[in-house]
Every structure is written in structure tokens, then in C-alpha cells.
Amino acid sequence: MSPVIVPFVDLQEQYERIRADIDTAISSVMHDGAFIRGKYVTAFENDFAHAYGARNCISVANGTDALFVCLKSLGVGNGDEVITPAHSWISSSEVITQAGAKVVFADVERDYYTTDPLRIAEKISHRTKAIIVVHLFGQPANMNAIGAIAHENGLPILEDCAQSHFAEVDGRRVGLYGTAAAFSFYPSKNLGAYGDAGAIITQNDAFAKKAAAYARHGADTDNKHDHKIEGMNSRMDGIQAAVLSVKLPYVHQWNALRRLHAAFYNELLDSVEEVETPMERAGAFHVYHIYQIRCRRRDSLRRFLAEKGIATAVHYPVALPFLTAYEYLGHKAHDFPVAYKSQSEILSLPMYPELAGNQQRFVVDAIKEFYRTG
Ligand SMILES: *Cc1c(COP(=O)(O)O)cnc(C)c1O
């Protein structure tokens, strides 16, 4: 295999550009010994809430914990069902089982990869306790329709914003539609730490209090030895918080660059009939965590690109209902036809803010060569 010429993401390149500020921030945490909670974590919670326009931000150890803490704070437990998309990362479903409830998958919209409102409506039962919506790849879900269904059935929406920091639809940020939203700051996300980190945002103060208590061993916010309930230990560390506070002001610029790169890929791929470029929902500000194409002979194309030194990925090779972990649910391909068909057609091309135009040309030239010669 050739050396990597176009990586899938390039975190070093970004670090080099902001190195002085990052190194200073990390030294300050070391100097102050503020390793767990403390002023850097509080500062980031305030910065993120403010930047997002959210009333409350509760930092946690990672995005999966953020989802789990939200489900527990919504009172999800034994005997309940929670609806979640058939096409996502497993965090969006495993937290339901961890909370003691039953995972109910709903198929996604072919063009947008987010849950189809009609499929959600079909899956609602008297046991349904909540709806998890994932703004997958940076594309906002159909919040108008899903919001109406949730409202009609008196169900809370939990937004999984792990891939959609600052995405918008109809002029409103994702994460501000539901009762609460979960964010991941895994290093390669649109806003990424240098390790694991996550957060919950909510406009609901009572929910915020519950979530904060649950993530801090069930302790009262003002008295860490007053445990009203059992909870868990999920906390962001000071170094990650300091890194995130340095990176936060850049996120709009980075999202704008991702959008520009997406538009350039679209233009370059326009003439390639074997490739379908990603759609943007009307009224959406897609933030392209992932630039996803549908293509013919996906696996051969992927190997061909790898030989040229182009790194690609598949998000995800097996849709959630068809994973071994969910065999016990007994789902068949025709239960989720859209998610099933997507899994063999989708391919994620290199996408990160620092990606250069000549790298994108190199990627698309290779794709064209594959279809011309293959
Ligand atoms: C990354 C991701 C998560 C989980 O985040 P972690 O910080 O890795 O736990 C949850 N949902 C989706 C859709 C993700 O992409």
C-alpha cells in the first residue's frame, strides 16, 4: 500500500496552527493543578453554553455518557421503549439498553440519513418514553415534522449532536429543539478535545439539575456528600476543558471551511455519474462532519483509493439493526430497507477544515480514473 497522501482527518495540522495557545492552556492547567472539575471545566461549560445560546451546559466524560445521563434524567428505565435511528453510531442505541429500556429502531430518509418522521410515527407505542434524534454527518434531522410528532404524543426528544456542533435548520441550532442534547468532543469531531470529553445542553433548568446530579454520583450540586440518589461518575478533565476553550472560537470558521470543501467536492464530482453527492436538507446549515457519497462498486473503489494513498471510511458498514449485538431483535433487511441498502453504497471521503483544494482534486481524479479504467 502507498503512503497516505490524503488522510481522512489531520489533527496534527490543526494543532500546529493553534499550538502556542494550546500549549499555554495546558501549562496553565498543570500549574494550577486543576485536573478534575475546577475553573477550566466551569469556564468551558459557560463558554459553550454562551456560544450555543443554551441556558445550561453540563460537562461529562464523553458523548456516550452525555446520551446516557440524559436518558436517566428523562426517567427512562425498565419497561420503556426509546426510538432511535437505524443508521447511526452504536452510542445512539446502546445507551437505551444500558438505561434498562428497549431499543426501537426507525428507518432513515434516503437522501438525508436522518430518521424518517413517518417511520418514527409508526414505532410509537404506549411504552415509548422518548425519541432520540441524530443529526448524522452534520445534517440536521427533519425537526419540524419530528417535533410535531413528539408534541402530539407528549414525548421528549433527545438530540444526539455528536456530529453536528452548530448545525442549524430553519435558522435554529440543532440541540435547542429537544428537551436536551448530547455532544461529543472526541478528537475528530467538529469541535474536538485531545482525549475524551462530552457535554449536555438544555434549556430546562430542572432537567439540568437532574443531569448534573446524576453525572456526579447523584450528589447535590452544592454539597458533594449529599447523595439523594445513586448516579455515576462522568466528568470532563481540566486539560480537555482548557483545550476546548481554546478551540471553541474557531469552530464557526472550521465549519465554514468544511462547507466550502463539500461544495468543491460536489462541483468536482458533478460529472461522475457513478457517484451521488450528499444532499442538504432545505433550510439546513449542514456542518459536514462527514462528507458522504453513494457510489457504485464501493468496496473496489475504496481499495483503489487506498492504493493511491487516499484514506476513506464507511459510516457505517453495518446498520445498527443488523449488528450482531442486535441479533436478538430478529430484524430482517426489509424492516429497514433504506438503512440496509445504504450500508453497501456509502463512502466517506477525506474531510477536515485544513483539507486543501489540490488534495480534493487528487481524490476526485482518482475516483474518475477508477470508473474510467475499472
Ligand atoms: C461520536 C458519537 C457519539 C459518542 O461520542 P463519544 O464521545 O465517542 O462517546 C455518539 N453518537 C454519535 C452519532 C457519534 O458520532
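Before any of the text, the structure's been laid out above.
One structure accompanies this document, and this report is about it. Going along each chain's sequence as written, the residues are numbered from 1 onward. Totals for whole chains, interfaces and linings use all residues, but because this is a predicted model, local features are given only for residues with pLDDT of at least 70 and pairs of side-chain atoms are given and counted only at 80 or more. The side-chain quantities take in all heavy atoms of the structure and omit both hydrogens and water.

**Section: the packing of aromatic side chains**
Part 1: Note on aromatic pairs: the rings of Phe, Tyr and Trp (six-membered ring only in Trp) are paired at centre separations within 6.5 Å, and the planes decide the class, stacked below 30 degrees, edge-to-face beyond 60, tilted for the rest. Tallied over the entire structure, the rule returns 22 aromatic pairs.
Part 2: Ring geometry for Phe322 against Phe336: centres 6.2 Å apart, planes inclined by 70 degrees, an arrangement best described as edge-to-face. Of this pair, Phe322 sits in the loop between helix H10 (298-307) and helix H11 (337-342) while Phe336 sits in the loop between H10 and H11; the two residues are 14 residues apart in sequence, bridging distant segments of the chain.
Part 3: The class for Phe336 is buried, based on a relative accessible area of 1%. Here a helix means four or more residues in a row that DSSP labels H or I, a strand means two or more in a row labelled E, and each is numbered from the N terminus. For each residue, the accessible area found with a 1.4 Å probe, counting protein chains only, is set against the maximum for its type, and the residue is called buried under 20%, exposed over 50%, and partly exposed in between.

**Observations concerning the environment of Ser342**
Part 1: Along the polypeptide, Ser342 turns up in helix H11.
Part 2: For Ser342 and Val318, which are 24 residues apart along the polypeptide, the C-alpha to C-alpha distance reads 9.2 Å.
Part 3: Contact criterion: two residues are considered in contact whenever any of their non-hydrogen atoms come within 4.5 Å of each other. Here Ser342 is in contact with His87, Tyr113 and Arg294, once residues within four sequence places are set aside.

**Regarding the nonpolar core**
Part 1: We define a nonpolar core as any set of buried Ala, Val, Leu, Ile, Met, Phe, Trp, Tyr and Cys residues linked to one another through side-chain atoms lying within 4.5 Å. The biggest cluster of nonpolar side chains holds 73 residues, and the ones touching the most others in it are Leu71, Ile200, Tyr265, Leu269, Tyr291, Leu349 and Ile367.
Part 2: Residues in contact with Leu269, not counting those within four places in the same chain, are Val275, Thr277, Tyr291, Ile293, Leu349, Val364 and Ile367.
Part 3: Val41, Ala242, Val243 and Val287 belong to the second-largest nonpolar core, a separate cluster that totals 36 residues.

**Notes on the site of the ligand**
Part 1: Throughout this document, a residue counts as near a molecule or strand when at least one of its heavy atoms sits within 4 Å of that molecule or strand. In the vicinity of the ligand, the contacting residues are Asn62, Gly63, Thr64, Ser88, Trp89, Ser91, Val134, Asp160, Ala162, Gln163, Ser184 and Lys189.
Part 2: We call two N or O atoms a polar contact when they sit within 3.5 Å, provided that within protein one can donate a hydrogen and the other can accept it, with sequence-adjacent residues counted only if both atoms are side-chain atoms. Interatomic distance of 3.5 Å between a side-chain N/O atom of Asn62 and an oxygen atom of the ligand.
Part 3: The backbone of Gly63 places a nitrogen or oxygen atom 2.8 Å from an oxygen atom of the ligand.
Part 4: For every accessible area listed, the method is Shrake-Rupley and the probe measures 1.4 Å; residues are considered covered only by the protein chains on display. When the ligand is considered free in solution it has 380 Å² of accessible area, and contact with the protein chains removes 91% of it.
Part 5: Each residue gets one label: Ala, Val, Leu, Ile, Met, Phe, Trp, Tyr, Cys and Pro are nonpolar, Asp, Glu, Lys and Arg are charged, and the others, such as Gly, are polar. Looking at side-chain class alone, the shell around the ligand contains three nonpolar, seven polar and two charged residues.

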